[in-house]
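Single-letter residue listing:
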Amino acid sequence: MSRLENDTFLRALARQPVDYTPVWMMRQAGRYLPEYRETRARAGSFLDLCKNTDLACEVTLQPLARYPLDAAILFSDILTVPDAMGLGLYFAEGEGPRFERPLREEWEIRNLSAPDPNVELRYVMDAVSEIRRALNGSVPLIGFAGSPWTLACYMVEGRSSSDYRQIKTMAYARPDLMHHILSVAADAVVAYLNAQIEAGAQAVMVFDSWGGVLSEAAYREFSLAYLERVVAGLTREREGRRVPSIVFTKGGGLWLESIAAIGSDGVGLDWTMDIGRARALVGDRVALQGNLDPNVLFAPPEVVAREACRVLDAFGPHPGHVFNLGHGISQFTPPESVDALVETVHRHSRRLHAA
Ligand code: CP3
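By the naming in an unreviewed UniProt entry, the chain is Uroporphyrinogen decarboxylase, taken from Pseudazoarcus pumilus. Database annotation for the chain, UniProt heading Subunit (unreviewed entry): "Homodimer." Per UniProt, the comment on the chain under Sequence similarities (unreviewed entry) is "Belongs to the uroporphyrinogen decarboxylase family."

Spelled out as structure tokens, the structure:
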């Protein structure tokens, strides 16, 4: 088994006892950090940064140099997978992601195939190996991918959407085509995550950012079924250790018990639901990850501390909590707020776990 100085994050996901609650933040490497903006300017575009192994490694480590976080997450994006399928990802400055060739015609959908992650996504695997080397056993490295449904949203809409009109039209009018896209995307995500595990990722997270825009029935059919397929296909053990998986459906609170039943080790929670109530619903079947509203970080440090304690106390002294935000950290966050957050989570949870 490879040496790991701080395995608190992995222990929490295994629902084993810990001395304190581990903490990391979605999008922890990013624009709120001046050192990220500096590296990003050197790289050129965001995609150039993702494709530059050394610089992707550098920005992955930046938040860990500043804060005593308990895990690192690969610096990349969920949309590298549809890009590798030939859809042509680009980022229009200030407007978010776009595809040059979104899926519109039936023949385009029928021609879709899962990329070979060790060829078309070699740059991601190179980043994973280099980050693992650089971390040198300090904290675990999390790999990630988008959920089939969330990837399909971007592949069909071609960009971020507010009403999901095109993809929902397809889901209701041509479910056969919708299922074909989701099925190819699920195969792609499984191969991509397993390649990340092979390259050194010690846990994996699936981001279902847009599952919450669906009705319950549509969620089960078009998102949850494919999350379950992804989880079932994952490599479970590597280097003599379990490689835990975390599934995060933003807006999925209403379906929490169903999500907790698909076989992942952890379930991510957005900020809308009280995490104590969430725990009461899932018991100790899965670990929970979350769930501070990222906007709390705009308040003064004492408020950040109070709200972080509220989340810790709501979960209580049980094993199985990974502290996180309920969604990605905002680019406008003052970096000092994160000091207050991480310090409070560690200090207050030590007391909680010692009691
Ligand atoms: O958590 C981490 O630190 C790892 C890095 C990471 C990024 N994107 C970096 C990024 C992760 C895990 C993602 C996931 C991702 N990407 C999701 C799922 C999570 C979520 O937020 O719901 C989604 C939907 C995307 C697609 C995407 N990528 C969008 C909508 C945007 C634009 C967002 C914005 O704020 O402008 C991106 C770009 C992106 N991905 C940035 C970063 C740091 C900003 C890039 C920059 O301009 O420097």
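Further notes follow.
Enquirer: Could you clarify how one ought to interpret the overall build of the chain in this entry?
Expert: On a plain count of helices and strands, the chain comes out with 15 helices and eleven strands. Computed over its C-alpha atoms, the radius of gyration of the chain comes to 19 Å, within 12% of the 20 Å expected for a compact globule of 355 residues. Overall, the chain is about 60 × 45 × 40 Å in size when its C-alpha atoms are taken along their principal axes. Burial analysis of the chain (355 residues in total) assigns 49% to the buried set.

Enquirer: Honestly, unusual backbone geometry in this entry has me stumped. Any pointers?
Expert: Where the residue is not glycine, phi is negative for most of them; where a peptide bond is considered, it is trans in most cases. In this structure, the amide linkage connecting glycine 290 to the following residue, asparagine 291, adopts the cis form with an omega of -10°. The phi angle at glutamate 239 is positive, at roughly 55°, despite the residue not being glycine. Along the chain, the position of glutamate 239 falls in the loop between strand S6 (237-238) and strand S7 (241-242). Given 11 C-beta atoms within a 10 Å radius, glutamate 239 is considered exposed.

Enquirer: Whenever I open this one, helix H11 (residues 216-233) confuses me. Can you help?
Expert: Given 3.6 residues per helical turn, the α-helix brings residues three or four places apart onto the same face. Over its 18 residues, H11 runs 24 Å from end to end, which matches the ideal 26 Å to within 8%, given 1.5 Å per residue. For H11, every residue scored as buried is listed here: Tyr219, Phe222, Ser223, Leu224, Tyr226, Leu227, Val230 and Val231. Where the residues of H11 are buried, they touch helix H8 (148-157), helix H9 (165-173), helix H10 (175-199), strand S5 (203-208), strand S8 (245-249) and helix H12 (256-260).

Enquirer: Would you mind showing me how to read the site of the ligand here?
Expert: Among the 22 residues in the neighbourhood of the ligand, the closest are listed as Gly30, Phe46, Gly96, Phe207 and Ser209. Of the residues belonging to the shell around the ligand, the class tally is ten nonpolar, seven polar and five charged.

Enquirer: Mind showing me how you'd approach the UniProt feature "site: Transition state stabilizer" (unreviewed entry) in the chain here?
Expert: According to UniProt, the "site: Transition state stabilizer" (unreviewed entry) feature falls on Asp77. Given 18 C-beta atoms within 10 Å, aspartate 77 falls into the partly exposed group.

Enquirer: What's the story with the pairing of strand S10 (residues 287-292) in this structure? I'm lost.
Expert: It is a general feature of regular strands that their side chains alternate between the two faces of the sheet. The element S10 is extensively covered by neighbouring structure, given that six of its six residues are classed as buried. Strand direction decides the pairing type here: strand S9 (residues 266-268) and S10, joined by three bridges, are parallel. Opposite valine 267, over in S10, you have leucine 288 as the bridge partner. Here S10 pairs with strand S11 (residues 321-325) via five bridges, running parallel. The residue bridging glycine 290 from the neighbouring strand is phenylalanine 323, located in S11. Each parallel crossover has a hand, and the one from S10 via helix H14 (residues 301-315) to S11 is right-handed.

Enquirer: Could you clarify how one ought to interpret the sheet that holds S5 in this entry?
Expert: Pairing between sheet strands relies on hydrogen bonds along the backbone, with the strands arranged either parallel or antiparallel. Reading across from one edge, S1-S4-S5-S8-S9-S10-S11 is the order of the seven strands in this open sheet, with parallel pairing throughout. The two strands at the open ends of the sheet, each matched to only one other strand, are strand S1 (72-73) and S11. For S5 and S8, the ladder comprises five bridges, and the chain directions are parallel. From the neighbouring strand, aspartate 208 faces S8, where its bridge partner is threonine 249.

Enquirer: Honestly, the nonpolar core in this entry has me stumped. Any pointers?
Expert: Judged by nonpolar contacts, the single largest core of 117 residues is most densely connected at Leu74, Val81, Ile142, Ala152 and Val189. A total of 14 residues in this core trace back to one element, the largest contributor, which is H10.

Enquirer: What should I look at first to understand the UniProt feature "binding site: substrate" (unreviewed entry) in the chain in this one?
Expert: If you check UniProt for "binding site: substrate" (unreviewed entry), the listed places come out as Arg27, Gln28, Ala29, Gly30, Arg31, Asp77, Tyr154, Ser209 and His327 in our numbering. Spatial dispersion of the annotated residues is evident: they stretch over 301 residues in sequence, and the largest pairwise C-alpha distance comes to 22.7 Å. Mapped onto the elements, tyrosine 154 comes out in helix H8. With 27 C-beta atoms packed within 10 Å, tyrosine 154 lands in the buried category.

What counts and what doesn't
- The written sequence of each chain sets the order in which its residues are numbered from 1.
- Restriction of local features to residues with pLDDT of at least 70 applies here, the model being predicted, together with a cutoff of 80 or more for giving and counting side-chain atom pairs; totals for whole chains, interfaces and linings are based on all residues.
- UniProt positions are given in the numbering used here, feature names are shortened, and annotations may be inferred rather than shown by experiment.
- Strands here are runs of E lasting at least two residues and helices are runs of H or I lasting at least four, both read from the DSSP assignment and numbered beginning at the N terminus.
- In this setup the radius of gyration rests on C-alpha atoms only. A globule is expected at 2.2 Å times the number of residues raised to 0.38.
- Exposed residues have 12 or fewer other C-beta atoms within 10 Å of their own C-beta, buried residues have 20 or more, and partly exposed residues fall in between, where C-beta atoms are placed from the backbone.
- Residue count minus one, scaled by 1.5 Å, sets the expected span of a helix.
- In this description, a residue-residue contact is defined by the distance between C-beta atoms placed from the backbone, which must lie within 7 Å.
- Here is the check we use: build the C-beta atom from the backbone, and if it is within 6 Å of the molecule or strand, call the residue near.
- Under the convention adopted here, Pro, Cys and the residues Ala, Val, Leu, Ile, Met, Phe, Trp and Tyr are nonpolar, Asp, Glu, Lys and Arg are charged, and Gly plus all remaining residues are polar.
- The pairing criterion is simple: DSSP has to find at least two bridges between the two strands.
- We call a crossover right-handed when, viewed with the strands running away from us, the connection from the first strand over the helix to the second turns clockwise.
- The nonpolar core is taken to be a set of buried Ala, Val, Leu, Ile, Met, Phe, Trp, Tyr and Cys residues joined by way of C-beta atoms within 7 Å.

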